[in-house]
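Okay, here's what each chain looks like letter by letter:
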Amino acid sequence: MKGENKTKLQRVNYSDTMIELLQESESGGHYDKPVEQRGDSPDKEMLRFEGSLGDLELSSVIDVPSIHSLMDSFQKFAGIPLAIVDLKGRVLAGPGWGEICRRFHRMHPETCRNCIESDIELSSGIPEGKYRLYRCKNNMWEIATPIVVAGRHMANIISGQFFFDDTPPDEELFRLQARKYGFPEEEYLAALEAAPRFSRKSVDAEMAFLMKLARMFSQLSFNNMNLKRLAADRNTLVDSLRAAEEKYRGIFENAIEGMYRTSPEGRFLEANPAMARIFGYDSPSELMSRVTDAGKQLYADPEGRTEFVSLLDQQNNASVETQMRRRDGSLCWIHLRGRTVRTAEGKIRYYEGFAEDVTERKTAEETLKQYGSHLEALVKERTSQLEERNRQLNLEIAERKRVEEILCESENKYHTIFENTGTATLIVEDDTIISLANKEVERLFHYTRDELEGKKSWKDFKLQEDIEQLMEYHSLRRVNPEAAPKNYEMKVIDRFGSLRDVAVTVAMIPGTLKSVVSLLDITRLKNVERALMNSEALYRNLFENASIGMFQTSPEGGFLRCNKAFAEMLGYESPEEVISSVVNTATDLHTTIENRALILSTLEQREWFYGEIPHIRKDGSMMIGKMAIRRMLNPDGTIAYLEGIAEDITEKKKVEEKLKNYTEEITDLYENAPCGYHSLAEDGTYLRINRTELSWLGYSREEVVGKMKFSDLLPAEEKALFMTKFSDFKKRGWARDHAYTVIRKDGSRLPVLINATVVSDENGRYLMSRGSLFDNSERKYAEEALLEREKELRLKAQNLQEVNTTLNVLLNTIEKDTEELKERVTTNIREQVLPYLEQLKKTPLDEVQKGFVQIAESRLDEIASPFVKKLTSKYLNLTKREIQIATLIKDGKTTKEIAEILDAKKRAIDFHRENIRKKLGLKNKKSNLQILLRSFS
């Protein structure tokens, strides 16, 4: 930095020397004054310039138009042609060459080459402060003296195309030249005759002037170069300072630790967002407005601030850790670092520093402190440098302006032609030919000055359709300058055929038919304008056709703009109807005026408001809008208007409400189900459990979820079984009716039954289980009762089996006794009854008695026969009366006969006959009853 400041000081001193020399030149001072009388020579001052000129050319460090005008005036006044020619033979300034050179020597290729070679070769190697007189290759005298800038030979001042008055030109030699190169002989000799003649004394005087002029050009060129470098250095320094300031501001606003500035009384003068966050405030402005006494409102112990301020007053810098109070009343530990800022008289202006919440982050204390100190030192250093650089630059700029004003006063034409510096400027002759152009013209059209000046017409760069109108302006301007427009826009064509948009400013040079034309390239601006138009059209199309609502409102609540989607949300036909119908959104649109007030108060503190606001539609129904609104500010910081977007979420809110109710129902169903529900992690830890299962177990949710495993609830004898089944369950993916006994919190046991399924990810990896747990107490008790009943039934079955065996034996005995009884009865009837009936029939009997005997005999046979046995079988179920009638029917008796025998009515006998047919399966059949009864015998 010190070396850089020294360089700047050297440049300033040298600039002062240049200005002094220029003043001497204009006031008639002498350049040939001995160097030792001036102190350091300009050449030595030039050698102090630090840095290389590189490929810098003289045209870039001198004011070519001003010097050109100066030389032109000098020729008109003194009749001596002058020109500044660079080392490549290019004329940088001056009216140019004489007529013989301009019309003949510079027009023929060979003689032109002689001119250029003469300028380059014959004028090289001239010592600084000297001159050389030489005859050019076209046999005319020329004089050259070098222009040296910072020790570098950059150009020559040449005066030429003349003869000495004591040595007439060799006319015959020039006749031979005219013939050799094909020049018109008489015109060539006339031009030769017009060439100036000077005495050798006047040439010496002229060269003394030229050497002084070359020295002045060298000094002015170097001065300009230094001024440009100084201006560039100043811009660099300003940019550095601006970057440092932006860096500091960015650090201040985005720092993770608090930064503050407080008055001696304890009021905040400045605070960053981190400071506000530390103490629980929404913004620095809220912190500064609410905290009026930091000691009482922020310090846990009000004496803490007194002690901290005392340290600052004594030491100017202090660092403490103290307990402080946030906005919500909670306490926190803050590491405070501060310094005292005083006036020049030593009076305390304010305290400033850093605050860090070190409740959890005390370890960052030292790093942040060093960073803050470094930043403060950097700002001070940069500020000091900027102030010094700015002061020096202001002095240099003021001095340069004074020099420029002097130069402008000496040359009125230069001021007229180049009054719009920085734009492409050219001079146009009456015949539309460009006679002079600056470097901006070269950049605009990509032609060199040699290709433009005296050769090109402005019409060569215009579109064909514009030329007629522009020619009319051109002619009208030379008759009445006020009648033709001075400013207009048009398109031009450069060397490569590219079109450029330019803003044209045209003015006539007083007293001439020449016009000065300034061309400002506005191509980029036009492209930007076109892009902006396209962007605006795109924005308008997006605004008008967006599917979401968009709007702008004034701070007072009236609509400025809105799109169709927003109008449809509110039930209006068009945006125009919304704007005309809704005068004040607070009363005409919002359900309560507090909603509008909430939006405005929020936007006063931050840039955006986000929220869900109910609105009243045109038909009176409610529309809930999801709003995003931001403020647009005036230059003075007040709100110009509000703009935002809105989405109709009315239906969405209804769906959300239904979903909420459904979710609550599902949750209630899950929590209060008649069975337990739970989810287990891969290691069996509870991930989720419902209220029912918790009530059965006697635990709270906090005691179980994430802390207990299901196996923790099992008795020791069932844990191994559970782990085996749980492992199989994770592989199989389901479990059914797994029975366990869980131990409640109070130590009692609960029989449970579990059904579960596995929840896996897309790769089949186990995530958790979903299980249902049932109270198995009643079923357990039922199973135990069933087992007891089963034991009793087995015992009874065994007893019944024994009884059954006994009964079977008894039945067999009874059947056997019955058969024996039947045999004895049959035998007794046949042996002891029937013989007596036979003897009775042999006795004298009447017919009736004989009939009764036959019946008795028949009945006894039946008793002893199989027929009677069959009729008395339990399967036929015949009554005694029916057996009597069936027997008579078998014997062939008719119904009438049976009625007489049994002393019964015929209808009763028919009734019994029908019952017998039914019991024997002959109802509704044609089978003969007598035949069937006989088959039983």
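Okay, so let's go over this structure. Keep in mind that this is a model prediction, so the values were computed, not measured.

## Side note on the pairing of strand E9 (residues 317-325)
Here nine bridges tie E9 to strand E10 (residues 331-342), and the two strands are oriented antiparallel to one another. Bridge assignment links glutamate 321 to a residue of E10, and that residue is histidine 335. In textbook terms, the turn of a hairpin is the stretch between consecutive antiparallel strands, and for E9 and E10 this stretch comprises five residues, one of which, glycine 329, has a positive phi near 95 degrees.

## A closer look at the packing of helix H31 (residues 895-902) against helix H32 (residues 906-919)
Packing of H31 against H32 brings their axes to within 9 Å, and their N-to-C directions diverge by 110 degrees. Here H31 is positioned roughly perpendicular relative to H32, judged by the angle of their axes. Pair H31 / H32 crosses with right-handed handedness. Where H31 abuts H32, its residues Thr895, Ile898, Ala899 and Leu902 lie against Lys906, Ile909, Asp910 and Arg913.

## A look at the sheet that holds strand E26 (residues 766-775)
Pairing is antiparallel across the open sheet formed by five strands, whose spatial order is E23-E22-E26-E25-E24. Of all the strands in the sheet, the pair left with one neighbour each is strand E23 (686-689) and strand E24 (734-743). Taking the axes of each pair of neighbouring strands and ignoring which way they run, one obtains an average angle of 30 degrees across the sheet.

## Observations concerning the nonpolar core
Of all hydrophobic cores here, the largest spans 43 residues; its most connected members are Leu58, Ile84 and Ile147. For this core, the elements supplying multiple residues, two or more each, are helix H3 (64-78), strand E2 (91-93), helix H4 (99-105), strand E4 (141-149), strand E5 (152-164), helix H6 (171-181), helix H7 (185-194) and helix H8 (200-254). Among the elements that make up this core, the one with the highest residue count is H8 (eight residues). Within the second largest apolar cluster, 25 residues are counted, among which are Ile689, Leu694, Leu714 and Phe726.

## Description of the side chain of asparagine 156
Within the secondary structure, asparagine 156 sits in strand E5. In this structure the side chain of asparagine 156 is engaged in a polar contact, spanning 2.9 Å, whose partner is the side chain of histidine 153. When near neighbours in sequence (up to four residues on either side) are disregarded, asparagine 156 contacts Ala83, Ile84, Val85, Leu87, Ser123, Thr145, Pro146 and Ile147.

## Details of a negative patch on the surface
Taken together, the side chains of Glu657, Glu664, Glu665 and Asp668 define an acidic patch exposed on the protein surface. Take aspartate 668: it is sitting in helix H23 (residues 650-671). A residue is classified by how much of its surface remains accessible, and aspartate 668, at 44% relative accessible area, is partly exposed.

## A few points about helix H18 (residues 523-545)
Relative to the 33 Å expected for 23 residues at 1.5 Å per residue, H18 spans 33 Å between its end C-alpha atoms, a close match to the ideal helical length. Buried residues belonging to H18 abut strand E14 (487-493), strand E15 (499-508), strand E16 (515-521), strand E17 (549-553) and strand E18 (559-562).

## Digging into the packing of helix H30 (residues 880-890) against H32
With their axes 10 Å apart at the nearest point, H30 and H32 run at an angle of 90 degrees to one another. One way to sum up the angle between H30 and H32 is to call them roughly perpendicular. Across from Arg881, Glu882, Ile885, Ala886 and Ile889 in H30, the residues of H32 making contact are Ile909, His912, Arg913, Asn915, Ile916 and Lys919. Looking at the contact of H30 with H32 residue by residue, the classes come out as five nonpolar, two polar and four charged.

## A short note on the packing of aromatic side chains
Within the structure shown, the criterion is met by 22 aromatic pairs. The interplanar angle of 85 degrees and the centroid separation of 5.8 Å between the aromatic rings of phenylalanine 163 and phenylalanine 174 together place this pair among those described as edge-to-face. Of the two residues, phenylalanine 163 sits in strand E5 while phenylalanine 174 sits in helix H6, which places them 11 residues apart along the sequence. Owing to a relative accessible area of 3%, phenylalanine 163 belongs among the buried residues under this scheme.

Conventions we followed
- Residues numbered from 1 in each chain as written.
- Predicted model: local features only at pLDDT ≥ 70, side-chain atom pairs only at ≥ 80, totals over all residues.
- Heavy atoms only, no water.
- Pairing = 2+ DSSP bridges.
- Helix = DSSP H or I, 4+ residues; strand = E, 2+ residues; numbered from the N terminus.
- Axes fitted to C-alpha atoms, helices over the stretch in contact; angles between N-to-C directions.
- Parallel < 35°, antiparallel > 145°, perpendicular 65-115°, else oblique.
- Left-handed = near helix turned anticlockwise from the far one by under 90°.
- Contact = heavy atoms within 4.5 Å.
- Core = buried A, V, L, I, M, F, W, Y, C linked by side-chain atoms within 4.5 Å.
- Buried < 20%, exposed > 50% of the residue type's maximum accessible area, 1.4 Å probe, protein only.
- Polar contact = N/O pair within 3.5 Å; in protein donor to acceptor, adjacent residues only side chain to side chain.
- Patch = residues over 30% accessible without salt bridge, like charges linked within 9 Å, V, L, I, M, F, W, Y side chains within 5 Å.
- Areas by Shrake-Rupley, 256 points an atom, 1.4 Å probe, with all protein chains shown as cover.
- Salt bridge = Lys/Arg side-chain N within 4 Å of Asp/Glu carboxyl O.
- Lys, Arg positive; Asp, Glu negative; His and termini not counted.
- Charge placed at Lys NZ, Arg CZ, Asp CG, Glu CD.
- Expected span 1.5 Å × (residues − 1).
- Nonpolar A, V, L, I, M, F, W, Y, C, P; charged D, E, K, R; others polar.
- Phe/Tyr/Trp six-rings, centres within 6.5 Å; stacked < 30°, edge-to-face > 60°.

Take it as geometry only, folks, not as evidence of what the structure does.
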